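The residues making up each chain are set out below.
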Amino acid sequence: MCDTCGCNITDGNRHLVEEGGKHATTDSGKEAVTVLQNLLSENDHTAAHNREHFDAQHVLAINLMSSPGSGKTALLEATIERLGREFRIAVIEGDLETENDAARVRDKGVEAVQITTGTACHLDAHMVHQALHQLSLDEVDILFIENVGNLVCPASFDLGQHRNVTLLSVTEGDDKPAKYPVMFRAADLMLVTKSDLLAVLDDFDPNKAEYHLRDLASDAQSITLSGKTGDNLEAWFDWLRDEVIAQEERVAKGLIQRPRVQPEGAQLHGHQHDHAHQHHHDHSHSHS
Amino acid sequence: MHELAVCQGLMQQVGLVAEREQASKVISITLQIGPLSGVEAQLLREAFPVAAVGTIAEGAELEIEQMPIVVECLQCGARGEAKVNKLVCGQCGDWRTRLISGEEMLLKSLELERGASDDAA
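### Some details on the sheet that holds strand β4 (residues 79-81) of chain B
All names here are of chain B. Taken in spatial order, the three strands line up as β4-β3-β5 in an open sheet, and their pairing is antiparallel. The sheet is open, and its two edges are formed by β4 and β5 (97-101), each paired on a single side. Across the sheet, the mean angle from the axis of one strand to that of its neighbour is 35°, orientation sign disregarded. As paired strands, strand β3 (residues 70-73) and β5 are joined by four bridges and run antiparallel to one another. The residue bridging V71 from the neighbouring strand is L99, located in β5.

Listed below in structure tokens is the structure:
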């Protein structure tokens, strides 16, 4: 987000800048300054920077979000097993504590960087940027960022990813999209996981989960699968293959893809103009 | 809870604007928060004084404008308010809508005191 091109001006607040202009004097005689900046513009700036790195290195970056224990790491293990020879995969793991998840992924033979956030309940763009310095991005086709297990906070922080994938395991209840609308609105793809347990659960209907997703005005695809048994994993792999191709095409055309749910202005201005970024380090470095 | 992190981002922005405007004091800060932003107005109010300590905004008043959720139907074109987990058209019931308002997480404006009393700063 920037405060120069007006990308924060939406239908909801346009009148503020059109009447009166940027400065006005209040009743008390003090100076009132209209700002209209996203509260996370510092994070968004770093996220845009991360995205530039991904695009420069032809990397597709995917942010995996879900509640704890919904099967993100198991899905990654199954994905690496099947697609590890087709694509060069790397993983950034976010957890409050332990290197356990990174170790699981490394056991499958891919590079993994663990971010331990301590008490922070989400990853932010800065943490991801730090982690990128430990990866050889030029040797990566798909970067998975496994966010901290949490259905609330991660939705608010752009990391620089191209797509958001939100997992919902069948043990959680099919009304989760209605309970956590901010998170599920952000999903470019919803994965209903642990489908092998549907046989013993009579209270989860994948169609209902999808129905609740549509209630959020989302047309995101929903795929029901099981990382454990491999059920329907091909649909997820096909989605990934399509996304890799789409990312290549975007990079070739100089287009930038942001995940779902970015303020409308940001979508419109597309970071194509000169942003006068003041980076604190050389932009041409390779993260080696 | 990420409201403290959001407040810290806010402090950074307030600091930059105050510096640009050569303000000596921030009197009030007005935010626009929509229900779909993922931040809770009440938690922001509680985090604000903590994040403001030692900054130019210490002691400033925090005003939060809670924005309504408004959607525009992509099928019939109707505009109207909607619920946080029911963003469908109130007229024709179609789910294909565009959000007009409701996900704001904006620093709308600042009320500042100019540095006339302390030009050396």
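### Examining the confidence of the model for chain A
Residues and elements named next belong to chain A. Across chain A, the average pLDDT comes to 85, with 80% of residues at or above 70. Confidence over residues 1-9 falls short of pLDDT 50; this stretch has 28 contacts with residues more than four positions distant or in other chains. Across residues 263-288, where pLDDT falls below 50, the model places 49 contacts with residues more than four positions away in sequence or in other chains.

### What to know about the pairing of strand β9 (residues 221-224) of chain A
Both strand β8 (residues 189-193) of chain A and β9 of chain A contribute to a ladder of four bridges, which runs parallel. When the bridges of β9 of chain A are listed, L189 of chain A appears paired with Q221 of chain A.

### What about the interface of chain A and chain B?
Each partner contributes to the interface: chain A provides 44 residues, whereas chain B provides 42 residues. Both faces considered, chain A and chain B share a buried interface measuring about 3,500 Å² in area, 56% of it formed by carbon and sulfur atoms. Linking chain A with chain B are three salt bridges. Taking the shortest distance from any N to any O, the salt bridge between E103 of chain B and R185 of chain A comes out at 3.3 Å. Counting every contact that joins chain A to chain B gives 17 residue pairs in polar contact (both at pLDDT 80 or more). Secondary-structure elements contributing two or more residues to the side of chain A that touches chain B are β2 (31-38), α2 (41-56), α7 (181-185) and α8 (206-214) of chain A. If one sorts the elements of the side of chain A that touches chain B by residue count, β2 of chain A sits on top with eight residues. Grouping the amino acids of the side of chain A that touches chain B by side-chain chemistry returns 19 nonpolar, 14 polar and eleven charged. Taken together, the six bridges between β2 of chain A and strand β6 (residues 105-114) of chain B define a ladder with antiparallel strand orientation. Of the residues in β6 of chain B, the one forming a bridge with V33 of chain A is L110 of chain B.

### What about the environment of V50 of chain B?
Residue and element names in this part refer to chain B. Mapped onto the secondary structure, V50 falls in helix α2 (residues 41-52). By relative accessible area, which is 56% here, V50 ends up exposed. Between the alpha carbons of V50 and L4 there is a distance of 8.2 Å; along the sequence they are 46 residues apart.

### Re the packing of helix α1 (residues 3-20) of chain B against α2 of chain B
What describes two packed helices is the angle between their axes and the distance between those same axes. All names here are of chain B. Between α1 and α2, the shortest axis-to-axis distance is 8 Å and the interhelical angle comes to 55°. In terms of orientation, α1 and α2 fall into the oblique class. The handedness of the crossing between α1 and α2 comes out as right-handed. Listed contacts from α2 to E3, L4, V6, C7, Q8, L10 and M11 of α1 are L43, L44, A47, F48, V50, A51 and A52. Taken together, the residues that form the contact of α1 with α2 break down as twelve nonpolar, one polar and one charged.

### A few points about the environment of F48 of chain B
Residues and elements named next belong to chain B. Along the chain, F48 turns up in helix α2. Spatially, the C-alpha atoms of F48 and E61 are 9.5 Å apart, while their sequence positions differ by 13 residues. The contacts of F48, once residues within four sequence positions are left out, are C7, L10, M11, I29, A57, A60 and L62.

### Here's the deal with unusual backbone geometry
For residues that are not glycine, phi is negative in most cases, and the peptide bond is trans in most cases. Residue and element names in this part refer to chain A. In the Ramachandran plot, T98 falls in the positive-phi region, its phi being about 75° despite a non-glycine side chain. As for its placement among the helices and strands, T98 is situated in the loop between β4 (89-95) and α4 (100-106). With a phi angle near 60°, K194 is a residue other than glycine that sits in the positive phi range. Looking at where K194 falls in the secondary structure, it is placed in the loop between β8 and α8.

Conventions used here
Residues numbered from 1 in each chain as written. Chains lettered and ligands numbered in written order. Predicted model: local features only at pLDDT ≥ 70, side-chain atom pairs only at ≥ 80, totals over all residues. Heavy atoms only, no water. Pairing = 2+ DSSP bridges. Helix = DSSP H or I, 4+ residues; strand = E, 2+ residues; numbered from the N terminus. Axes fitted to C-alpha atoms, helices over the stretch in contact; angles between N-to-C directions. pLDDT = per-residue confidence, 0-100. Contact = heavy atoms within 4.5 Å. Buried area = accessible area lost by both parts, 1.4 Å probe. Salt bridge = Lys/Arg side-chain N within 4 Å of Asp/Glu carboxyl O. Polar contact = N/O pair within 3.5 Å; in protein donor to acceptor, adjacent residues only side chain to side chain. Nonpolar A, V, L, I, M, F, W, Y, C, P; charged D, E, K, R; others polar. Buried < 20%, exposed > 50% of the residue type's maximum accessible area, 1.4 Å probe, protein only. Parallel < 35°, antiparallel > 145°, perpendicular 65-115°, else oblique. Left-handed = near helix turned anticlockwise from the far one by under 90°.

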